[in-house]
Amino acid sequence: MSTSEELRLNEAAAAEAQGRLDHAAAVYESLLHDGALRLRALIRLAALELARGRPAEAAARYAEAGTLRQEVPQLPYNEALAHVAAGALEAAIQASERAVSLAPDYKEARLALMGALRALGRFRSAIEVGREGLARGVDSAELAAEHAYALAGAGEHDSAVDRFGDAVRFGADRYEMRFHAGCSELARDRPQSALDAFDGALAGRPQWLEAKINRAVALNGLGRYDEARSACVALLATEPRVDVLRTLGRAHQGLHAFDAAVDCLREALLLAPHDHESWDILVTIYAEANVSGPMLLACVDEALRTWSEALVDARQRRLKLLSLRVGALYALSNMDEAESTVDELVALAEDFPLALGHQAFAHAANFNWQGFDGRREGLRSGVVAGRQVTTPFQLLPFIADAAVQKRCATAYMDALYPPATEPLAVVSDPVGTRIRVGYLSADFRDHPVSHLLAATLEAHDQSKFEIIGLSSHQVTDADPMTRRLMGAFERFEILSALSDRKAAERIRSLNVDILVDLNGLTAGERPAIAAARPAPVQVNFLGYPGTIGAAHHDYVIADAGVIPPGSEAHYTEAVIRLPVPLLPPGDCRPEDLVSPGRAALSLPADALVIAAFHSGFKVSPDVFGIWMRLLRVQPRAVLWMSASSPRGRARLRTAAENAGVSADRIVFADRIPDRTDHLHRLTEADLLVDTPVYNSHSSALDALRSEEHTSELQSLTNIVCRLLLEKKK
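Quick notes on the rules
- Residues numbered from 1 in each chain as written.
- Predicted model: local features only at pLDDT ≥ 70, side-chain atom pairs only at ≥ 80, totals over all residues.
- Heavy atoms only, no water.
- Helix = DSSP H or I, 4+ residues; strand = E, 2+ residues; numbered from the N terminus.
- Rg over C-alpha atoms; globule rule 2.2 N^0.38 Å.
- Buried < 20%, exposed > 50% of the residue type's maximum accessible area, 1.4 Å probe, protein only.
- Contact = heavy atoms within 4.5 Å.
- Areas by Shrake-Rupley, 256 points an atom, 1.4 Å probe, with all protein chains shown as cover.
- Lys, Arg positive; Asp, Glu negative; His and termini not counted.
- Charge placed at Lys NZ, Arg CZ, Asp CG, Glu CD.
- Core = buried A, V, L, I, M, F, W, Y, C linked by side-chain atoms within 4.5 Å.
- Pairing = 2+ DSSP bridges.
- Axes fitted to C-alpha atoms, helices over the stretch in contact; angles between N-to-C directions.
- 1 Å grid on protein atoms, 1.4 Å probe; cavity = no way out; pocket = protein on both sides within 12 Å on 5 of 7 lines; lining within 4 Å.
- Points joined across faces, edges and corners; volume = space filled by probe spheres on them.
- Nonpolar A, V, L, I, M, F, W, Y, C, P; charged D, E, K, R; others polar.

Visitor: Summarise the overall build of the protein; cite the residues concerned and give the values.
Guide: Per the secondary structure count, the protein includes 33 helices and 11 strands. By the compact-globule yardstick of 27 Å for 729 residues, the protein is too spread out, its C-alpha radius of gyration being 36 Å. Each principal axis of the C-alpha distribution contributes one length, and for the protein these read about 125 × 65 × 45 Å. Residues classed as buried in the protein amount to 50% of the 729 residues present. Considering only intrachain contacts with a sequence separation of at least 6, the fraction spanning at least 24 residues in the protein is 60%. Accessible surface, the protein: about 32300 Å² in total, of which carbon and sulfur atoms supply 52%. Charge separation in the protein, taken as the distance between the mean sites of 77 positive and 96 negative side-chain charges, equals 1 Å.

Visitor: Describe the nonpolar core, with residues and values.
Guide: Among the nonpolar cores identified, the biggest contains 55 residues, and L282, V283, I285, Y330, L345 and M413 are the most heavily contacted of them. Per element, the largest residue contribution to this core is seven residues, and it comes from helix α19 (residues 314–331). With 32 residues, the next largest nonpolar core counts F367, W369, A637 and A643 among its residues.

Visitor: Can you explain the sheet that holds strand β4 (residues 514–517)? Please cite residues and give values.
Guide: The seven strands lie next to each other as β3-β2-β1-β4-β5-β6-β7, forming an open sheet whose pairing is parallel. Lying at the two open borders of the sheet, with one neighbouring strand each, are β3 (491–494) and β7 (574–577). Each adjacent strand pair in this sheet contributes to an overall mean axis angle of 25°, direction not counted. As paired strands, strand β5 (residues 537–540) and strand β6 (residues 555–558) are joined by two bridges and run parallel to one another. Residue N540 lies in a different strand from β6, and its bridge partner there is V556.

Visitor: Quick rundown of the layout of surface pockets? Include the residues and the values.
Guide: The calculated volume of the second largest pocket comes to roughly 1400 Å³. Lining the second largest pocket are 32 residues, with L186, A187, V217, E277 and R317 sitting closest to its centre. Residue assignment for the lining of the second largest pocket shows that the elements contributing at least two residues are α9 (141–153), α10 (157–169), α11 (174–187), α13 (209–221), α15 (242–254), α17 (276–288) and α19. Classifying every residue of the lining of the second largest pocket gives 12 nonpolar, nine polar and 11 charged.

This is the structure in structure tokens:
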């Protein structure tokens, strides 16, 4: 290098030092033609580009320098750093890989490569780079921390916690590492370890907001909801934050203060309307608070709208939301949407718990009989194989084999509602002068169970029995039936705001001697209440026509038609048979039943009207085929059915045409809210046909009250109204 060139380099360096970057760059540019100085000039120009805030140009200079000295790993390493600064992560990965291939023990290059991979969400690749370094003995505080971040991103939280510990041993910021280890402990559902980690982080940085928030999350995980609530309230005193409001909502949810929980999530959504986490938590609150129908459906739909594949556990979240959406649609009797939703659920995960049962039930309820036999066999084989394919209730209309029904019920209860390890009550004599009977139900409202039972409750001998109503769900005295039941019970408790355990403890505190479960395993079920054994004697009665499948129900009340002698082995409960029909007679038949007339009901004036007011899920294609044979041999007959779904009605018309029966001989009855109006119109029916696997219950009783004639089809499981019919005869 000549003296003049040396002077030029010194001139450029002096200009840099004085901040005259443009002049320095011009001098370096003038030296690029000199082969001896070109490399030094390129490196200095790259540094200048970084100083001028032009990282992409700096990366280009480093890349050009690298072509001159391809054996020097620092050049692609510096190029990688410039690419990172420019946001060109793919280019940064390529440059880092060149540096690591030149010098496998180059810690900084390996660190840059791992960081770029992690930033693009390629956690597995970053983990592999870290493991390769460890195999060569290449490690440091920074590498251990970066490795831990990648492990956490990939969900390998056990290994992540270990590597955060390694980083501390190498001298990394212990408070930073404890915080991130706490996050991994939360992810692996170890709230106590997480709490310890966040306490450790806060010991060094007492004002660390994120650590305080995550500490409250850990408190929620430990069930220390009061402490979590207090912590969140203190944090919100400074500023409203979505994550704090979510955590506070969780605390209120844990305390079963559902209204306060909803308020928190609604406030969070005002701040961030598209925040999926808030919508997802709100869904769980509504589901736990037994909110159904339009509110739950709207919330689930928002959670699905804000869902993305980038979420942690994205697939499981979507499956859970789809499952809840099916339940909300059932509550609204929107079977068209329910059918489509459950098909999406099964397409995503056929093995999702209970999904096949939901699918079979939704299709049957909407009269979609394509693949009916295959779905029925899938349920049977799944239950026999011990898989969790269906709820016991959804199995009943498909499988008449009582042994399979019992197997399904016991597996379902064992998996979801195991008996309490320490039962709240033991068998004992009544503590008072009267036997205290508690009736537990979700249906103390305008519901068939309440219509059947109200008169019986009012007829209890109060000199011998004290009867208590235990509503597992929220009800209101605005409902006339609820008001009537409240008057029939000596005490009426609403348990909807209590957890299952707290509800069971409340029942125990009332010294209930006999708990009568009116729900069983039907909609609104809360089996965990009875599983805690809140009463010395517990009975399955009326609401559910099958075995509960659990030892904590001592008895099932039946009659000889519902559970024929010799069937006891198929029930986990001891069978008590009434000498009278199982179904309570309900109220007496109204004296003034006056039909609105067939014309008003779209029924032909001279037709033989065959009524089938069953829920759709009870009707199989074989049974419908029998009804079509009746219509073919009885030209004056029409089939009067209840089917609210447009898609379901269209399918029934098509099935009739395929069976050689004109579609206009199927007459659809709209749902009417007033039960008395329903009884009025039933007087126009000449014959009620039943379904043989899952029989009519309240609808058959309504028909008997209306003096309809009921055709008795034999059932393999239960003939609920047979004794009532015989008694009437």
